[in-house]
2 protein chains.
Amino acid sequence: MDVHGRDLRYFAAVAEELNFTRAAERLFISQPALSKQIRMLEKQLGADLFHRDRRAVRLTAVGEALLPHAHGMLAAWEAAEAAVAEASAAEQHTLVIGMSTSPGRGLLPALRTRLVSRHPHARPVLRQVNWADPSAGLADGSSDVAFVWLPLPDGDRYRYAVVAQEPRLVALPQGHRLARAAADSEGAVDFTDLLDEPFLALPSEAGPLRDYWLALDARDGRAPRIGGVVGSAEETHEAVANGQGVALLATGNASLVVRDEVIAVPVRGISPSRLAVAARRDDERPLVAAYLAAAAKLGAGTS
Amino acid sequence: MDVHGRDLRYFAAVAEELNFTRAAERLFISQPALSKQIRMLEKQLGADLFHRDRRAVRLTAVGEALLPHAHGMLAAWEAAEAAVAEASAAEQHTLVIGMSTSPGRGLLPALRTRLVSRHPHARPVLRQVNWADPSAGLADGSSDVAFVWLPLPDGDRYRYAVVAQEPRLVALPQGHRLARAAADSEGAVDFTDLLDEPFLALPSEAGPLRDYWLALDARDGRAPRIGGVVGSAEETHEAVANGQGVALLATGNASLVVRDEVIAVPVRGISPSRLAVAARRDDERPLVAAYLAAAAKLGAGTS
DNA sequence: TGTTGTGATAGCTATGAGTTATGGATGTCC
DNA sequence: GGACATCCATAACTCATAGCTATCACAACA
């Protein structure tokens, strides 16, 4: 049914040498092993490939018929191996960078520059991931590294470098009562004033991250009112503008949501947001390590 | 280095099903066996072929690169198998008929007709063999059946059917003294009159056959004079015409030597020649058996 | 929360691809 | 013609591997 490529290689060698002993030497196996393998191949094909005269070995008609196919298949396999090696190398040098929203803050160009200076062959590829996955593709392997918001669910599966720590804002519809209140109070609001507001939440799959953007730890155990579930910056903008609810934002992301009817004001009394570059803890590939190292350096510089 | 075709087949199946269990069923092997084989292939290539998410199996970039090659090689092997089968069938139906000189006597067309009436696919192929090989190619396998002169050296290795038994003639140059003597004596000569003539002999490799055409058994142990060694009808004609020696002939072969300066006259006192169709005793192939059977029938009819 | 589906793992067996040692036939050299 | 070299086949053994069954781990789903 199938052949082992080796058998074809052996066959081609014997066909070329027309001498089992020399062919075996060339193949770095013993002569009996070669004899046996050729016999097995002949048995499998149900036809002799060589005429073993006492004095000479020569191809039979069947052998002649097989030889060009054997050469073709050996060449085809070499080509296949080369294709695999190439694809493999390309994969080695590709770094998939997951992100839920554009990290902005000039981070991507800075990290890219640092990465390619260390690994000139590196090909960073950006990948947008739904907000439902707080690991931005790390969990299912679709990203190699990712921009994530801390805290990360299953945090011990990852390692990360914080690249930005910023106060959180709240996005409000332009006419909201708290928008006016903030204008009176140094342009900020207390989180306690937001406790009864309906909040836009991440999908429940987001786990701890959903709780974090609801600032659950600042609510003293009282459940938040959920005004809706959002999966992207665009949806958030729409929902806020429509008055479905308010939403906490990282300062660096305000520009994605604030426009038209929506404004954002700082919130006092909650922890700042922390944006990190993360990778799977067990992923030791050089490119991944280099990207994380670059991020750590950047984070150290800007914190 | 090499692949087993089986592994490519397995890979292609999994790539198509994107499900190990179903692919294994389709391949009539167990799922663990398939898993293991794919892992081995991946290990051999040094790259993963499939992305095994908990929920889904999908090809990696490397797998995508390999797949078309795998399909190509599987198709190539099918083509190779077909080529082998075809060549094998052709060989099955080919009967190589060895002969030292054309057997004449209408034997070839008669036997050919009988053979193809029994085996319509049979392709008889004629092969001229040097006189040095009295088995006309049977010994070294270059003929399947052969027209031979009895006695045959290593006679027990062959089986045969006598197709012609004829008095032997002697070929003489036209002006030879015995040519005239024969004309006086019923057109024949006694072998005793030839004892001192130089004889043309077959090459020494011919063994008993050489002795036979020197009629050694009719010489009472006295060595013949050898006038030369001949390897074909043409050489014999030349040598006789030149007076190098005389030569015994089968009646049916006289026409090959007798022309121009050479005549042939019957010889009294020696056994007749026996022409047979022979095959290797251990060669039981239907075509060979059929040819021999046809020869036996023909021999029985004409003897 | 049990059930189903799916892939990986473990442990076993049989096959097969390799080894060395040896046999037997042929050809070669003095 | 005898010693020797060449060459393919066979025998007996070893070790890797391709297959099996049984089972686990995990996700999806009802």
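Reading guide: rules and limits
Residues numbered from 1 in each chain as written. Chains lettered and ligands numbered in written order. Predicted model: local features only at pLDDT ≥ 70, side-chain atom pairs only at ≥ 80, totals over all residues. Heavy atoms only, no water. Axes fitted to C-alpha atoms, helices over the stretch in contact; angles between N-to-C directions. Helix = DSSP H or I, 4+ residues; strand = E, 2+ residues; numbered from the N terminus. Parallel < 35°, antiparallel > 145°, perpendicular 65-115°, else oblique. Left-handed = near helix turned anticlockwise from the far one by under 90°. Contact = heavy atoms within 4.5 Å. Nonpolar A, V, L, I, M, F, W, Y, C, P; charged D, E, K, R; others polar. Core = buried A, V, L, I, M, F, W, Y, C linked by side-chain atoms within 4.5 Å. Buried < 20%, exposed > 50% of the residue type's maximum accessible area, 1.4 Å probe, protein only. Domains from an automatic or database assignment. Pairing = 2+ DSSP bridges. Least-squares fit on C-alpha atoms with pLDDT ≥ 70 in both. Salt bridge = Lys/Arg side-chain N within 4 Å of Asp/Glu carboxyl O. Polar contact = N/O pair within 3.5 Å; in protein donor to acceptor, adjacent residues only side chain to side chain. Near = heavy atom within 4 Å.

Going by what an unreviewed UniProt entry lists, chain A is known as LysR family transcriptional regulator and is assigned to Streptomyces ochraceiscleroticus.

Residues and elements named next belong to chain A. Where helix α1 (residues 5–17) meets helix α3 (residues 31–45), the closest approach of the two axes is 10 Å, and the angle between their N-to-C directions is 110°. When the axis of α1 is compared with that of α3, the two are roughly perpendicular. Here α1 and α3 pass one another in a crossing that is left-handed. Only L34, Q37, I38 and L41 of α3 make contact with α1, whose side of the interface consists of R6, D7, Y10, F11 and V14. Residues of the contact of α1 with α3, tallied by class, amount to six nonpolar, one polar and two charged.

Let us look at the nonpolar core. Within the largest apolar cluster, 62 residues are counted, with the highest numbers of intra-cluster contacts made by V145, F147, V170, F191, L248, V277 and Y291 of chain A. In terms of residue count, the dominant contributor to this core is helix α10 (residues 286–302) of chain A (eight residues). Lining this core are residues from two domains, each supplying at least three of them: domain 2 (93–165 + 275–302) and domain 3 (168–271) of chain A. Filtering out sequence-adjacent residues up to four positions away, Y291 of chain A remains in contact with L95, I97, L108, L111, L115, V145, F147 and V277 of chain A. In terms of nonpolar packing, the next biggest core, distinct from the first, is built from 61 residues, L200, L202, V230 and V246 of chain B among them.

All names here are of chain A. Side chains A247 and L249 of strand β11 (residues 247–250) all project onto a buried face; the interleaved residues L248 and A250 project onto the opposite face, where all are buried too. Relative to β11, strand β7 (residues 168–173) runs antiparallel, the two being bridged by four bridges. The residue of β11 that forms the bridge with R168 is A250.

The next thing to look at is the relation of the copies chain A and chain B. Take chain A, turn it by 179°, move it 0.1 Å along the axis, and it overlays chain B with an RMSD of 0.2 Å. Taken together, the rotation and translation relating the two chain copies correspond to the operation of a two-fold axis. The rotation axis passes nearest to the C-alpha of H4 of chain A in chain A, at a distance of 2.0 Å. A share of 100% of the interface residues of chain A reappears at the interface of chain B, consistent with the copies meeting face to face through the same patch.

All names here are of chain A. The backbone of A136 sits at a positive phi, close to 50°, despite the residue not being glycine. The residue A136 is located in the loop between β4 (123–128) and β5 (145–150) in this model. A positive phi angle, near 55°, is found at A215, a position not held by glycine. Tracing the backbone through its elements, the reader meets A215 in the loop between α7 (208–213) and β10 (225–229). Overall, A215 belongs to the buried group, its relative accessible area being 0%.

So, on to the interface of chain A and chain B. Counting from both sides, the interface comprises 33 residues of chain A and, opposite them, 33 residues of chain B. The tally of links between chain A and chain B comes to two salt bridges. A salt bridge links R9 of chain B to D2 of chain A; the nearest nitrogen and oxygen atoms lie 2.5 Å apart. Summed over the shared surface of chain A and chain B, the number is seven residue pairs in polar contact (both at pLDDT 80 or more).

Looking now at the protein's contact with DNA strand D. As a matter of local geometry, DNA strand D sits amid 21 residues, with T21, S35 and R39 of chain A together with S30 and R55 of chain B nearest to it. If you look at DNA strand D and keep only atoms within 4 Å of the protein, 70% of those are sugar or phosphate atoms. The side chain of R39 of chain A places a nitrogen or oxygen atom 2.6 Å from a phosphate oxygen of DNA strand D. In the environment of DNA strand D, a phosphate oxygen lies 2.9 Å from a nitrogen or oxygen atom belonging to the side chain of R52 of chain A. For the surface near DNA strand D, the elements supplying multiple residues, two or more each, are α2 (20–27) and α3 of chain A together with α1 (5–17) and α3 (31–45) of chain B. Its residues assigned to classes, the surface near DNA strand D comprises eight nonpolar, six polar and seven charged.

Two elements in contact, helix α4 (residues 61–93) of chain A and helix α4 (residues 61–93) of chain B, have axes separated by 9 Å at closest approach and are oriented at 175°. With respect to each other, α4 of chain A and α4 of chain B are oriented roughly antiparallel. Taken together, the residues of the contact of α4 of chain A with α4 of chain B break down into 24 nonpolar, four polar and two charged.

So, about the sheet that holds strand β4 (residues 123–128) of chain B. Residue and element names in this part refer to chain B. Overall, mixed pairing links the five strands, which are arranged β4-β3-β5-β13-β6 in an open sheet. Every other strand in the sheet has two partners, leaving β4 and β6 (158–166) as the edge strands with one partner each. Along the sheet, successive strands turn relative to each other by an average axial angle of 25°, direction set aside. Alignment of strand β3 (residues 94–99) against strand β5 (residues 145–150), held across three bridges, turns out to be parallel.

In the vicinity of DNA strand C there are 20 residues, among which S30, K36 and R55 of chain A together with S35 and R39 of chain B approach most closely. Within 4 Å of the protein, the atoms of DNA strand C are drawn from sugar and phosphate moieties in a proportion of 71%. Contacts to DNA strand C include F20 of chain B, whose backbone N or O atom sits 3.0 Å from a phosphate oxygen. Taking S35 of chain B, its side chain carries an N or O atom lying 2.6 Å from a phosphate oxygen of DNA strand C. When residues of the surface near DNA strand C are traced back to their parent elements, those giving at least two are α1 and α3 of chain A together with α2 (20–27) and α3 of chain B. Class assignment for the residues of the surface near DNA strand C results in seven nonpolar, six polar and seven charged.

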